[in-house]
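# Architecture at a glance
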Amino acid sequence: MADKNIGKITQVIGAVLDLKFSEGKLPEINEAVSIDMKSGKKLIVEVAQHLGDDTVRCIAMDSTDGLVRGMDAVALG
């Protein structure tokens, strides 16, 4: 099994999130990314834009209440 591609939340503005990944490991546009919430739920976000500096801008498919900078985000491929 391949290693997971894990990024970190760097910014949350409403339903829009910025995620930073390791160099060369950016998920593709429209790729799903999963974030484990503290409530136990999984939040799915979709990559909408590559911003540069190994950062992507994503749109959340549900409420972003409870998200904080530094939380892990796993690209689903």
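Conventions and cut-offs
- Residues numbered from 1 in each chain as written.
- Predicted model: local features only at pLDDT ≥ 70, side-chain atom pairs only at ≥ 80, totals over all residues.
- Heavy atoms only, no water.
- Helix = DSSP H or I, 4+ residues; strand = E, 2+ residues; numbered from the N terminus.
- Buried < 20%, exposed > 50% of the residue type's maximum accessible area, 1.4 Å probe, protein only.
- Pairing = 2+ DSSP bridges.
- Core = buried A, V, L, I, M, F, W, Y, C linked by side-chain atoms within 4.5 Å.
- Contact = heavy atoms within 4.5 Å.
- Axes fitted to C-alpha atoms, helices over the stretch in contact; angles between N-to-C directions.

### A short note on unusual backbone geometry
Phi angles above zero are rare outside glycine, and aspartate 53 is one such case at about 55°. Here aspartate 53 is to be found in the loop between strand S4 (42-52) and strand S5 (55-60). The residue aspartate 54 is not glycine, and still its phi comes out positive at about 60°. Relative to the elements of secondary structure, aspartate 54 occurs in the loop between S4 and S5. Classification of aspartate 54 as partly exposed rests on a relative accessible area of 23%.

### Considering the pairing of S5
Summarising the sheet, strand S2 (residues 16-20) and S5 pair through five bridges and their orientation is antiparallel. Bridge pairing links lysine 20 to threonine 55 in S5. Adjacent in sequence and paired antiparallel, S4 and S5 are bridged by two residues, among which aspartate 53 carries a positive phi angle near 55°.

### Topic: the nonpolar core
Ranked by size, the top nonpolar core spans 17 residues in total, and within it Ile9, Leu17, Leu19, Ile35, Leu43, Val45 and Leu67 carry the most contacts. In contact with isoleucine 35, other than residues within four places in its own chain, are Ile9, Leu17, Lys41, Lys42, Leu43, Val45, Leu67, Met71, Asp72 and Ala73.

### Observations concerning the sheet that holds strand S6 (residues 72-75)
Strands sit in the order S1-S2-S5-S4-S3-S6 around a closed barrel of six strands; the barrel is antiparallel. Each strand axis lies, on average, 40° off the axis of its neighbour in the sheet, ignoring direction. In terms of strand pairing, S4 meets S5 through six bridges, oriented antiparallel. Along S5, the bridge assignment pairs valine 45 with alanine 60.

### Focus on the side chain of threonine 55
For threonine 55, the location among the structural elements is in strand S5. With a relative accessible area of 12%, threonine 55 lands in the buried category. Apart from residues lying up to four places away in sequence, threonine 55 is in contact with Asp18, Leu19, Lys20, Leu26, Gln49 and His50.

### Some thoughts on the environment of glycine 70
Note on placement: glycine 70 falls in the loop between S5 and S6. Spatially, the C-alpha atom of glycine 70 lies 5.2 Å from that of lysine 8, the residues being 62 residues apart in sequence. Ignoring sequence-local partners within four residues, the contact set of glycine 70 consists of Lys8 and Ile9.

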